[in-house]
Amino acid sequence: DTGVSQDPRHKITKRGQNVTFRCDPISEHNRLYWYRQTLGQGPEFLTYFQNEAQLEKSRLLSDRFSAERPKGSFSTLEIQRTEQGDSAMYLCASSRDSQETQYFGPGTRLLVL
Amino acid sequence: DQQVKQNSPSLSVQEGRISILNCDYTNSMFDYFLWYKKYPAEGPTFLISISSIKDKNEDGRFTVFLNKSAKHLSLHIVPSQPGDSAVYFCAASVTGNEKLTFGTGTRLTIIP
């Protein structure tokens, strides 16, 4: 399977804990994106990378959120001091280049108790 | 401010008939549009896209129509099949800006 993969698929945590999600994009895709989807809504853009450079961050991405793509391959999204409002599906997507189709992974469903 | 709107939360269509899903947008800067399909517990799957220089794009059973003056696009699926039952999202972007802006989705149910 050469699609986008995400790990873990599900995460339950207590409020105040830190969580980290991983995304492995399609091989040779330079662009990597993070989105968040809550119930009844479409995915909302969080941030994206061109290789290892983080080029844009949404205002949805508070200072408790940090994303990295250290070697321009996989990416991690960390949420510190989780809040119940962080409960959502976190989606990763990748594309070969600018203005190319974004292909999504299966997502990580986060539940903060 | 919902820049991409899918006003029908759900739609039921008989198998073999045409399914028409609609999407409206407010941002006139959008120039690239996509449709994604999503099954429960999976990520969105790309279906078809259209650039603003076209008014129609076709791929097998799927056709997307774009009406720029009305800021409206639609996805036609014909003939509809049971496997088409899913949530469909319309998305839009602006050339030079990487983020996709999604609608809230339409749940399509194909009735056998």
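On a predicted model such as this, the values are computed, not experimentally measured, just so you know.

## Observations regarding the overall build of chain B
So, step 1. Looking only at helices and strands, chain B has zero helices and eleven strands in total.
So, step 2. Ordered by position from the N terminus, the helices and strands of chain B form the series β-β-β-β-β-β-β-β-β-β-β.
So, step 3. For chain B, whose C-alpha radius of gyration is 13 Å, the value lies close to the compact-globule estimate of 13 Å for 112 residues.
So, step 4. If you line up chain B on its principal axes, its C-alpha atoms span 40 × 30 × 20 Å.
So, step 5. Counting over 112 residues, chain B shows a buried share of 46%.
So, step 6. Pairs at least 24 residues apart make up 54% of the contacts formed inside chain B by residues separated by at least 6 positions.
So, step 7. In the structure as shown, chain B presents an accessible area of about 5,300 Å², 49% of it carried by carbon and sulfur atoms.

## Structural notes on the nonpolar core
Soluble globular proteins: nonpolar side chains tend toward being buried together.
So, step 1. In this structure, Phe33, Trp35, Leu73, Leu75 and Tyr88 of chain B are the most contacted members of the largest nonpolar core, which totals 24 residues.
So, step 2. When residues of this core are traced back to their parent elements, those giving at least two are β3 (19-25), β4 (32-38), β5 (45-51), β7 (62-67), β8 (72-77), β9 (86-93) and β11 (106-111) of chain B.
So, step 3. Membership of the second largest hydrophobic core comes to 19 residues, among which are Val19, Leu32, Leu77 and Ile79 of chain A.

## Considering the pairing of β4 of chain B
Residue and element names in this part refer to chain B.
So, step 1. Among the seven residues in β4, seven count as buried, and that is most of the element.
So, step 2. A two-sided burial pattern is seen for β4, the buried positions comprising Tyr32, Leu34, Tyr36 and Lys38 on one face and Phe33, Trp35 and Lys37 on the other.
So, step 3. Summarising the sheet, β4 and β5 pair through six bridges and their orientation is antiparallel. Across the sheet, the residue bridging to Phe33 is Ile50, located in β5.
So, step 4. The turn linking β4 back onto β5 is made up of six residues, and Ala41 within it adopts a positive phi angle of 65°.
So, step 5. Summarising the sheet, β4 and β9 pair through seven bridges and their orientation is antiparallel. Counted as the bridge partner of Phe33 is Ala92 from β9.

## Considerations on the environment of Ile111 of chain B
Residue and element names in this part refer to chain B.
So, step 1. Topologically, Ile111 is positioned in strand β11.
So, step 2. Relative accessible area serves as the criterion here: at 36%, Ile111 is assigned to the partly exposed category.
So, step 3. In this structure the C-alpha to C-alpha distance between Ile111 and Gln14, which are 97 residues apart in sequence, comes to 4.7 Å.
So, step 4. Setting aside its immediate chain neighbours within four residues, Ile111 contacts Ser12, Val13, Gln14 and Glu15.

## Quick word on the state of the cysteines
So, step 1. A full pass over the atoms with the stated rule returns two disulfides over all chains.
So, step 2. Cys23 of chain A shares a disulfide with Cys92 of chain A; S-S distance 1.8 Å. Classification of the bridge connecting Cys23 of chain A and Cys92 of chain A rests on its S-S torsion, roughly -70°, and on that basis the disulfide is left-handed. On the criterion of sequence distance, the pair formed by Cys23 of chain A in strand β3 (residues 19-24) and Cys92 of chain A in strand β9 (residues 88-95) is long-range, its members being 69 residues apart.
So, step 3. Note on Cys92 of chain A: relative accessible area 0%, which makes it buried.
So, step 4. The disulfide partner of Cys23 of chain B is Cys90 of chain B, and the gap between their sulfur atoms is 2.1 Å. Sign of the S-S torsion, about -70° for the bond between Cys23 of chain B and Cys90 of chain B, identifies this disulfide as left-handed.

Reading the values: rules and limits
Residues numbered from 1 in each chain as written. Chains lettered and ligands numbered in written order. Predicted model: local features only at pLDDT ≥ 70, side-chain atom pairs only at ≥ 80, totals over all residues. Heavy atoms only, no water. Helix = DSSP H or I, 4+ residues; strand = E, 2+ residues; numbered from the N terminus. Rg over C-alpha atoms; globule rule 2.2 N^0.38 Å. Buried < 20%, exposed > 50% of the residue type's maximum accessible area, 1.4 Å probe, protein only. Contact = heavy atoms within 4.5 Å. Areas by Shrake-Rupley, 256 points an atom, 1.4 Å probe, with all protein chains shown as cover. Core = buried A, V, L, I, M, F, W, Y, C linked by side-chain atoms within 4.5 Å. Pairing = 2+ DSSP bridges. Disulfide = S-S within 2.5 Å.

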